[in-house]
Amino acid sequence: MTNVAIIGTGHHVPERVVTNEELKQWMDTSDEWIRERSGISERRWVTPGTTTDDMAHAAARMAIDDAGIEASELDMIVFATINPDHFFPGNGVLLQKSLGVDTIGALDIRNQCTGFVYGVATAAAYIKSGLYRTVLVVGAELQSSSLDLSDRGRDISVLFGDGAGAAILQAVDPESGSTSDVLASSLHSQGENARELWCELPAGCLPGRITPELMAEGRHFPLMNGRAVFKHAVIRFCQAIDEVLEKAGVTRDEIKLVVPHQANLRITEAVAKRFELRPEQVFSNIQRYGNTTAASIPIALSEAVREGRLVRGDLVVLVAFGSGFTWGANLIRW
Ligand code: UT7
């Protein structure tokens, strides 16, 4: 069977920096509260007119260039987002058009913060099965247009940011001497917690899907039971990491880098403590970008590579937890 290498990464964040101080003009909050509870100092928001596709396109182009391939070599697009530009069609087809590639397949993934981990698992399975050779996996989120900037939404609105990240996965012959591979993945869901972190509207199950009355109640904004999500996140992050290590027969101390979904610095620190990971074994950029949902892991991965935190042969774990609940991990030999 063929192995799978990540041959290129890329990311894009909007230029507009929104500091914690700036959020005070809309809601009752403070820099101190946000930093203490989440570790976030600032996040990026798009300027009006920018789309999810614009950010995804920029990240994808960077990954394609980094891989040293032509966009025409892509066989498939896997696109993870909870913020598609439209209710349908999904953003995969928009990226197929904006990249100007042939009529290749485009799969949209709706697994929230775990979207990129699901995407990598899916792309790796496509490649290992022989169906495709080169797959683009993208996570892109334009969240700033959907935030409740009043006090009602302050628990979530201070956390979320905009951005996009991408990776190119390609078949590699193990005979070539390359050790790169997606060694194991674990994917989970638990729908009984769907309403602990969700955005109810527009809802296909409601007549009219969205009405002024429902909007007045704020039901088109994301809602979260922060404490419940936090508690589950720490447990599930740890379980997912353990699962992929066990599947591949790898021990914790062999991990070079964990790239967690950037949900909250306190969650990352709690996971690092349980696994007795040294600071250099964990990547965090939530301080600068906030929580960018499906984009957070590929943005972090792209930055980690550019900072020289990963070289070929290293073991890296991507791990995520989020709305659904969904959670999972990928263990990758870089
Ligand atoms: O990416 C998907 C996964 N998402 C997550 O993993 C997020 C998980 N949850 C969290 O990160 C944390 O629960 C939060 C950062 C959202 C909140 O931190 P917390 O320590 O759990 O605070 P809390 O929700 O218990 O709220 C404490 C207080 C409340 O006031 P009272 O009731 O104690 O008077 C909130 O109303 O903080 C208040 N509060 C705020 N104060 C200032 C909530 N949001 C804010 C705010 N600024 N933005």
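Residues numbered from 1 in each chain as written. Predicted model: local features only at pLDDT ≥ 70, side-chain atom pairs only at ≥ 80, totals over all residues. Heavy atoms only, no water.

Participant: Would you take a moment to explain the nonpolar core for this structure?
Facilitator: Note that soluble globular proteins tend to have their nonpolar side chains buried in a common cluster. Ranked by size, the top nonpolar core spans 42 residues in total, and within it Ile241, Val317 and Val319 carry the most contacts. When contributions to this core are tallied by element, the ones reaching two or more residues are helix 8 (226–248), helix 9 (265–274), strand 12 (315–322) and strand 13 (326–333). Domain assignment of the residues forming this core places at least three in each of domain 1 (3–176) and domain 2 (181–333). Once residues within four sequence positions are removed from consideration, valine 319 is found in contact with Val117, Phe237, Ala240, Ile241, Val258, Val259, Pro260, His261, Ile297, Gly328 and Ala329. Grouped together as the second largest cluster of nonpolar side chains are 33 residues, Ala80, Val120, Ala124 and Leu318 included. (Core = buried A, V, L, I, M, F, W, Y, C linked by side-chain atoms within 4.5 Å. Buried < 20%, exposed > 50% of the residue type's maximum accessible area, 1.4 Å probe, protein only. Helix = DSSP H or I, 4+ residues; strand = E, 2+ residues; numbered from the N terminus. Domains from an automatic or database assignment. Contact = heavy atoms within 4.5 Å.)

Participant: Honestly, the packing of aromatic side chains in this entry has me stumped. Any pointers?
Facilitator: For any pair of aromatic rings, the description rests on two quantities: the centre-to-centre distance and the angle between the ring planes. Scanning the entire structure with this criterion turns up four aromatic pairs. The interplanar angle of 85° and the centroid separation of 5.2 Å between the aromatic rings of tyrosine 126 and tyrosine 132 together place this pair among those described as edge-to-face. One aromatic cluster in this structure is built from Phe321, Phe325 and Trp327. (Phe/Tyr/Trp six-rings, centres within 6.5 Å; stacked < 30°, edge-to-face > 60°.)

Participant: Which parts of the structure should I look at to understand the domain arrangement of the protein?
Facilitator: Interface size, as often reported, equals the accessible area lost upon joining of the parts. By domain assignment, the protein separates into domain 1 (3–176) and domain 2 (181–333). Taken over C-alpha atoms, the centre of domain 1 sits 13 Å from the centre of domain 2. Listed as interface residues are 54 residues of domain 1 and, on the opposing side, 53 residues of domain 2. In total, about 4100 Å² of surface goes out of reach between domain 1 and domain 2, with carbon and sulfur atoms giving 62% of it. Inspection of the region where domain 1 meets domain 2 yields two salt bridges. Of the charged contacts, one joins arginine 306 and aspartate 66 as a salt bridge, the two residues approaching to 3.6 Å between their closest N and O atoms. Taken together, the connections running from domain 1 to domain 2 amount to 22 residue pairs in polar contact (both at pLDDT 80 or more). Contributing elements (two or more residues each) for the side of domain 1 that touches domain 2: strand 1 (3–12), helix 2 (31–38), strand 3 (42–44), helix 3 (52–67), helix 5 (115–129), strand 6 (134–141), helix 6 (154–157) and strand 7 (163–172). Examining the composition of the side of domain 1 that touches domain 2, we find that eight residues originate from one element, helix 5, more than from any other. Class assignment for the residues of the side of domain 1 that touches domain 2 results in 24 nonpolar, 18 polar and 12 charged. (Buried area = accessible area lost by both parts, 1.4 Å probe. Salt bridge = Lys/Arg side-chain N within 4 Å of Asp/Glu carboxyl O. Polar contact = N/O pair within 3.5 Å; in protein donor to acceptor, adjacent residues only side chain to side chain. Nonpolar A, V, L, I, M, F, W, Y, C, P; charged D, E, K, R; others polar.)

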